[in-house]
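Here's the letter readout for the chains.
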Amino acid sequence: MIPSQFDYAAPTTVEEALGLLAGAESAGDDVKLLAGGQSLIPVMKLRMADPSLVVDLGRIPGLSGITDDGASLTIGAMTPHHVVATDPLVAAHVPLLAQAAATVADPQVRHRGTFGGALVHADPAGDMPAPALAVEAVFNLAGPNGNRSVAAADFFQGYFTTAVEEGEILTSITVPKYTGWGSHYGKFTRVAQQWSIVAVAAMVRVEGGVIAEARVGLTNMASTPLRATSTEAALAGCALDATAIAAACAHAAEGTEPASDLNGDADYRRHLVTVVAKRAVMAAAGL
Ligand SMILES: Cc1cc2nc3c(=O)[nH]c(=O)nc-3n(C[C@H](O)[C@H](O)[C@H](O)COP(=O)(O)OP(=O)(O)OC[C@H]3O[C@@H](n4cnc5c(N)ncnc54)[C@H](O)[C@@H]3O)c2cc1C
């Protein structure tokens, strides 16, 4: 498949990119930002997106890379999955993101696809949104009216829909550092390098021989990533014991609305998420 004809611009500053967005939008033209192109290009080839202008963010210095801010890390939106998966700062302070990024597709896609692109694309089966929700990331946006930040809980708004408004660019993601937490991203697929049928992003803090706190994010259990709040509550104070953790994770499907598709129907996913959650929490707790 070949995309429709489009104009291409490669700005070198965020301001120039914002100007191109504003100009196209005021002229009534459909404009799309290009990051790694691993979702946008296929969608354009299928002609499900038909922009008249593509604005490539790849030449803007400063949108890629990871910096240590003291209590948090800032990850540039254009940072490739491969870098998130292998960066020592991420591994040391927010390993959940590294674990999840390492499960995205194959090496080729991980070298081209970006952390920010995956988050804005907001595919319900995408592997980065639920971990971003679990680590309570903050999304930093630049727009025509200046900069603003959006908490993860408010960022994912619906099926392939986020808080990023027309004319805005996601520039970076700020992630708190986690000390004393264990984490694991449990991804259930039918074959290797597949999208998640269901996945669970688990973080636990163990203190005094019990789970003191837990964060559990769910992938592909609704039109947006979700926090499994009933399971998180049940895990607080939970013994480090497979039976007790399984009982807490039996709540993981509460409040979810999974889709039915060729990989499994909604009931299958509601059962599967309890199994994957138990395994992910056990691994995060080092059991
Ligand atoms: C074969 C294949 C297998 C895959 N398997 C998986 C998988 O197992 N798990 C998984 O999670 N993903 C998977 N992906 C998707 C991959 O993670 C993509 O990298 C990701 O979905 C989009 O990131 P991108 O950088 O390529 O963004 P693009 O495709 O360039 O952009 C995606 C969308 O986000 C917008 N956008 C991008 N960056 C910004 C920004 N900074 N600000 C505002 N808007 C922006 C674009 O306009 C576009 O609408 C797969 C992709 C392929 C091709």
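All values derive from a computational prediction rather than experimental measurement.

Criteria and cut-off values
- Residues numbered from 1 in each chain as written.
- Predicted model: local features only at pLDDT ≥ 70, side-chain atom pairs only at ≥ 80, totals over all residues.
- Heavy atoms only, no water.
- Patch = residues over 30% accessible without salt bridge, like charges linked within 9 Å, V, L, I, M, F, W, Y side chains within 5 Å.
- Areas by Shrake-Rupley, 256 points an atom, 1.4 Å probe, with all protein chains shown as cover.
- Salt bridge = Lys/Arg side-chain N within 4 Å of Asp/Glu carboxyl O.
- Helix = DSSP H or I, 4+ residues; strand = E, 2+ residues; numbered from the N terminus.
- Near = heavy atom within 4 Å.
- Polar contact = N/O pair within 3.5 Å; in protein donor to acceptor, adjacent residues only side chain to side chain.
- Domains from an automatic or database assignment.
- Contact = heavy atoms within 4.5 Å.
- Buried area = accessible area lost by both parts, 1.4 Å probe.
- Nonpolar A, V, L, I, M, F, W, Y, C, P; charged D, E, K, R; others polar.
- Pairing = 2+ DSSP bridges.
- Axes fitted to C-alpha atoms, helices over the stretch in contact; angles between N-to-C directions.
- Buried < 20%, exposed > 50% of the residue type's maximum accessible area, 1.4 Å probe, protein only.
- Core = buried A, V, L, I, M, F, W, Y, C linked by side-chain atoms within 4.5 Å.

**Description of a nonpolar patch on the surface**
Together, Met1, Leu46 and Met48 make up a nonpolar patch on the protein surface, roughly 390 Å² of accessible area in all. With respect to the secondary-structure elements, leucine 46 resides in the loop between helix 2 (40-45) and strand 3 (53-56).

**Digging into the site of the ligand**
The full set close to the ligand counts 28 residues, and Leu33, Ser39, Leu40, Thr114 and Asp127 are the nearest of them. Residue histidine 81 places a side-chain N or O atom 3.1 Å away from an oxygen atom belonging to the ligand. In the environment of the ligand, a nitrogen atom lies 2.9 Å from a nitrogen or oxygen atom belonging to the backbone of leucine 170. The protein chains hide 88% of the 970 Å² of surface that the ligand would expose on its own. Elements supplying a minimum of two residues to the shell around the ligand: strand 2 (31-34), helix 7 (115-121) and strand 10 (169-176). Top contributing element to the shell around the ligand by residue count: helix 7, with four residues.

**Description of the domain arrangement of the chain**
In terms of domains, the chain is made up of domain 1 (7-59), domain 2 (66-176) and domain 3 (181-284). Taking the mean C-alpha position of each, domain 2 and domain 3 sit 20 Å from one another. Every contact between the two is made by 25 residues of domain 2 and, on the other side, 22 residues of domain 3. Between domain 2 and domain 3 lies a buried interface of about 1,900 Å² when both sides are counted; carbon and sulfur atoms form 61% of it. At the surface where domain 2 touches domain 3, the tally comes to three salt bridges. Joining domain 2 to domain 3, the criterion identifies 10 residue pairs in polar contact (both at pLDDT 80 or more). Looking at the side of domain 2 that touches domain 3, the elements that each hand over two or more residues are helix 5 (95-101), helix 8 (129-134) and strand 8 (156-158). At five residues, helix 8 tops the list of elements feeding residues into the side of domain 2 that touches domain 3. Split into classes, the residues belonging to the side of domain 2 that touches domain 3 amount to 16 nonpolar, five polar and four charged.

**So, the sheet that holds strand 5 (residues 72-76)**
The strand order across the open sheet built from five strands is 4-5-10-6-7, with neighbouring strands paired in antiparallel fashion. Sheet topology places strand 4 (66-68) and strand 7 (146-151) at the edges, where each strand pairs with a single neighbour. Put simply, the sheet's adjacent strands are angled 25° from each other on average, direction ignored. Note: strand 6 (residues 138-143) against strand 7, six bridges, orientation antiparallel. Among the inter-strand pairings, leucine 141 is bridged to a residue of strand 7, identified as arginine 148. Across the face of the sheet, helix 1 (residues 14-26) comes into contact with strand 6 and strand 10 while running at roughly 130° to strand 10.

**Some remarks on unusual backbone geometry**
In the Ramachandran plot, alanine 122 falls in the positive-phi region, its phi being about 55° despite a non-glycine side chain. Classification of alanine 122 by relative accessible area gives buried; the value is 4%. Even without being a glycine, asparagine 220 presents a positive backbone phi close to 70°. Residue placement: asparagine 220 occurs in the loop between strand 13 (210-219) and strand 14 (226-227). Taking the relative accessible area as the measure of exposure, asparagine 220 reaches 12% and is therefore buried.

**Here's the deal with the nonpolar core**
Within the largest apolar cluster, 39 residues are counted, with the highest numbers of intra-cluster contacts made by Leu97, Leu119, Val135, Phe139 and Ile173. In terms of residue count, helix 5 provides more of this core than any other element does, five residues in total. Listed in part, the 29 residues of the second largest apolar core include Met221, Cys238, Ile245 and Ala285.

**Concerning the sheet that holds strand 3**
Pairing is parallel across the open sheet formed by three strands, whose spatial order is 1-3-2. Each edge of the open sheet carries a strand with a single partner, namely strand 1 (7-9) and strand 2. Averaged over neighbouring strand pairs, the angle between their axes works out to 25° when direction is ignored. The pairing of strand 2 with strand 3 spans four bridges and is classified as parallel. Residue pairing in the sheet places leucine 33 in a bridge with valine 55 of strand 3.

**Here's the deal with the side chain of threonine 219**
You can see threonine 219 is positioned in strand 13. Owing to a relative accessible area of 1%, threonine 219 belongs among the buried residues under this scheme. A polar contact of 3.0 Å, which involves the side chain of threonine 219, links it to the side chain of tyrosine 185. Contacts of threonine 219, omitting those with residues within four sequence positions, involve Pro124, Ala125, Gly126, Asp127, Ala130, Tyr185, Ser196, Val198 and Ala199.

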